[in-house]
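# Architecture at a glance
Next come the chains, spelled out residue by residue.
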Amino acid sequence: MKDQAVLHRDPAWRTRVTWAAIFIVLLYPLLAGAEFKPWLLFDAQSLRAAGMFLLDFLVPATDPEFLAMVLRETWQTVAIATAGLTLALLVAIPATFVITERLSISRLGTGRVHPFAALVRQGLRWILMILRSVPELVWALLFVRIVGLGPTAGVLAIALSYSGMLAKVYAEILESSDAHATDVLLANGSGRLPALLYGALPDSSAELVSYTVYRWECAIRGSAVMGFVGAGGLGQRLDESTKMMAGGEVATMLIMFVLLVAAADLVSKLLRRRLG
Amino acid sequence: MKQSTQLQAAPPAPPRDLTSWLILLGLLALVVASFASLPLQWSAFFTAEAVDSAREFLAGFAPPETSTPFLMKTLGALWETLAMSAIGTLLAAIVGLPLALAGAGRLGRAARAATRLVLNVLRSIPELVWAAVLLVLAGLGPMAGTMALAAHTAGVLGRLFADALENVEPHAEETLRTNGARPLAAFLYATLPQALPQMLSYTLYRWENNIRAAAVLGVVGAGGLGQMLKYHLSLFQMPSAATVVIAMLVLVALVDAASYALRRALTR
C-alpha cells in the first residue's frame, strides 16, 4: 500500500464546488425549458413503437424499385443544389461588381466616394444581408407556400440565401487582394469591368473558385435538408418514410445521404486542389 | 507594319491544360443536366398572376403581429430555443468526451478507428435529419430537437476533443505515471488541464452554431421558434409568422454580437 501513503486534498476544491453549484442552479430552468424528460423515452408505449422502428431500421430496404427511386431523388438533390447555386451566381456576380469599393471610380484622386454611389452600395449591402440572414430553410418554407411542393421552392431558396452569402464573401476576397493593379488600371482610365478582370481577378481567382466549390458542397447538404419542408429531393422522401415509420427505407436513405455528403466532400476537395 | 511589331512584343498566352478544359466542360454539363432534369415551374413563377399572388402573399406579412400575449408566446419559444441549444450542447460534450478518449487512441488502435467512424456518421447526418428521425422515438416537442442537436454535435465535438487530446504534450502524464500515479489521476491532472481551454472554446463555438440551428429545427416539429413558424405559416397567419421570423433574426443577430464581443474581450 505504498501509493496510498499521502493523499493530498485538492487545493482548488472551494472554487470547483462553487462553480458546480452555480452551474446546477443555472441548469434547472434550461432543462425545464427544453422539456428534457428522458424517462418519457422509456414508457411502455413509446418503447414498443421505437423498438419496432429500430428493428425495421436494422434491415435497410433494398428492393430494386425503391433503390432506383432513391438514386433518382439523390440526383434531384444534387440538381437542386447546382441549379440554385447557378442562379445565385447570376445574382451574386453583378452584386459583387457593384458593392466592391475597390472598383469605385469617384474615389480616385480625392479618396472620397460620391455620396450617391456610396448610398447605392450600402443599400445593396443591406439587401444582401437580409437575403443571407433569413435561414435557407425559412426561405424554402415560404417558397413552398408560394409555388407549391417540389424542387422549384428548393432552387429559389438556395438561390436567394446563397446570392447574399456569395456576393459578400466575393467582395471581401476582392478587397483583400493587392490593391495596386486595380488602382493603376483605374487611374489610367480603364473601365470598372477591365479593372476587375485584369486587376483584381487574377490575384484572387483561386480563392474565389475554391470558396464557390465549398459553397456548392454546403448547398448539397442544404438541399437534402430542405426536402423536409417539402422542397423536393432526398429529404422529402426521407420525411415521408419517417412519418410512415418505415425504418428500413429510412435506413437506406440515411446511408445514401451519408454517401452523398462524403462524395460531395471528396469531389469538392479534388476540385479545390485542382483549381485552387 | 508598326502594328505587327506591337503584336510580336505581346507575351504569348499561357498554355491551357487539357484537364482544365475537361473540368470546365464537366461543370457545364452538370449545370445543364441539373436545369434540364428538374421539373421547375418557371411559368408558374414569372406570369403576371403568379407575381400578383406572390406579392399578395408577401404583403400579408405586414404589419407583424404585436399583441402582448403573442409576443409573450414568442418570447417563450425564444427561451425554448435557447434551452434546447444549451442542453443539446451540454449533452453533446458529456457524450463527446468518452468518445474522444476512445477516438484519441487511449483504448487501442481498433477502438480508435471504430470510434472515429461512429463520430463521422454522427457528424455527417445534419441536425434536422436527426430531429426528423428522433421525432419517432421522442414525440413532437423540444425534447426531440434537443436530442437531435446532441447527436450531431456529439459527432463534431467528439472529433474535435479527440484531436485536442492527441495534440497535448504527453510528457506530463508520462511523468506522473512513472512516479506511480494511477491512470485516471494522471489523465485528470496532466492531460485534461492542457486540453481543457481548447475543448471549452470548441464547445462554446458549437453552442453558438446550435442556437442558430435550434431556431430552424422546429420546422419538422421539434420545438422552439421553428415549430411556431411552421404552425402559423400552415394556418396562413402571416402577421404572426412575420413576428416569429423577426424573432429568429434578432436572436441570430444577438448571438453574433455577443460572440463577437466575447471574442474581442478574450483575445485582447
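Each value, and the rule that gives it
- Residues numbered from 1 in each chain as written.
- Chains lettered and ligands numbered in written order.
- Predicted model: local features only at pLDDT ≥ 70, side-chain atom pairs only at ≥ 80, totals over all residues.
- Heavy atoms only, no water.
- Helix = DSSP H or I, 4+ residues; strand = E, 2+ residues; numbered from the N terminus.
- Rg over C-alpha atoms; globule rule 2.2 N^0.38 Å.
- Buried < 20%, exposed > 50% of the residue type's maximum accessible area, 1.4 Å probe, protein only.
- Contact = heavy atoms within 4.5 Å.
- Areas by Shrake-Rupley, 256 points an atom, 1.4 Å probe, with all protein chains shown as cover.
- Buried area = accessible area lost by both parts, 1.4 Å probe.
- Salt bridge = Lys/Arg side-chain N within 4 Å of Asp/Glu carboxyl O.
- Polar contact = N/O pair within 3.5 Å; in protein donor to acceptor, adjacent residues only side chain to side chain.
- Nonpolar A, V, L, I, M, F, W, Y, C, P; charged D, E, K, R; others polar.
- Domains from an automatic or database assignment.
- Axes fitted to C-alpha atoms, helices over the stretch in contact; angles between N-to-C directions.
- Parallel < 35°, antiparallel > 145°, perpendicular 65-115°, else oblique.
- Left-handed = near helix turned anticlockwise from the far one by under 90°.

### Overview of the overall build of chain A
Looking only at helices and strands, one finds 10 helices and zero strands in chain A. Taken over C-alpha atoms, the radius of gyration comes to 27 Å for chain A, far larger than the 19 Å a tight globule of 276 residues would show. The principal-axis extents of the C-alpha atoms in chain A amount to approximately 80 × 70 × 40 Å. The buried share of chain A, reckoned over its 276 residues, is 44%. Looking at chain A alone, contacts between residues at least 24 apart form 76% of all its contacts between residues at least 6 apart. Surface accessibility of chain A: about 14,700 Å² in total, with carbon and sulfur atoms responsible for 69%.

### Some remarks on the environment of A:R132
Among the structural elements, A:R132 can be located in helix α4 (residues 115–133). Leaving out residues up to four positions away in the same chain, A:R132 has contacts with A:S161, A:G164, A:M165 and A:K168.

### What to know about the interface of chain B and chain A
Counting from both sides, the interface comprises 55 residues of chain B and, opposite them, 55 residues of chain A. Interface area for chain B against chain A, summed over the two sides, is near 5,000 Å², with a carbon-plus-sulfur share of 82%. For the pair chain B and chain A, the interface holds zero salt bridges. Here chain B and chain A share two residue pairs in polar contact (both at pLDDT 80 or more) between them. It is helix α2 (residues 18–37) of chain B that provides the largest number of residues to the side of chain B that touches chain A, a total of 10 residues. Looking at the side of chain B that touches chain A, its residues break down into 43 nonpolar, nine polar and three charged.

### Let's talk about the side chain of A:T152
Topologically, A:T152 is positioned in helix α6 (residues 151–176). The contact partners of A:T152, leaving out residues within four places of it in the chain, are A:V147, B:P39, B:L40 and B:Q41.

### Quick look at the domain arrangement of chain A
Under the domain assignment used here, chain A contains domain 1 (11–55) and domain 2 (61–275). A straight line from the C-alpha centre of domain 1 of chain A to that of domain 2 of chain A covers 38 Å.

### Some remarks on the packing of helix α5 (residues 68–103) of chain B against helix α12 (residues 238–267) of chain B
Residue and element names in this part refer to chain B. The contact between α5 and α12 brings their axes to 11 Å, and the two run at 40°. As summarised for this structure, α5 and α12 are arranged oblique, according to the angle between their axes. Considering the relative orientation of α5 and α12, their crossing is right-handed. Contact residues: F70, L71, T74, L78, T81 and L82 in α5; S240, T243, V244, A247 and L251 in α12. Taken together, the residues of the contact of α5 with α12 sort by class into seven nonpolar, four polar and no charged.

### Structural notes on the environment of B:D256
Residue and element names in this part refer to chain B. Structurally, D256 can be placed in helix α12. For D256 and S201, which are 55 residues apart along the polypeptide, the C-alpha to C-alpha distance reads 15 Å. Non-local contacts of D256, meaning those with residues more than four positions away in its chain, are made with E208 and R212.

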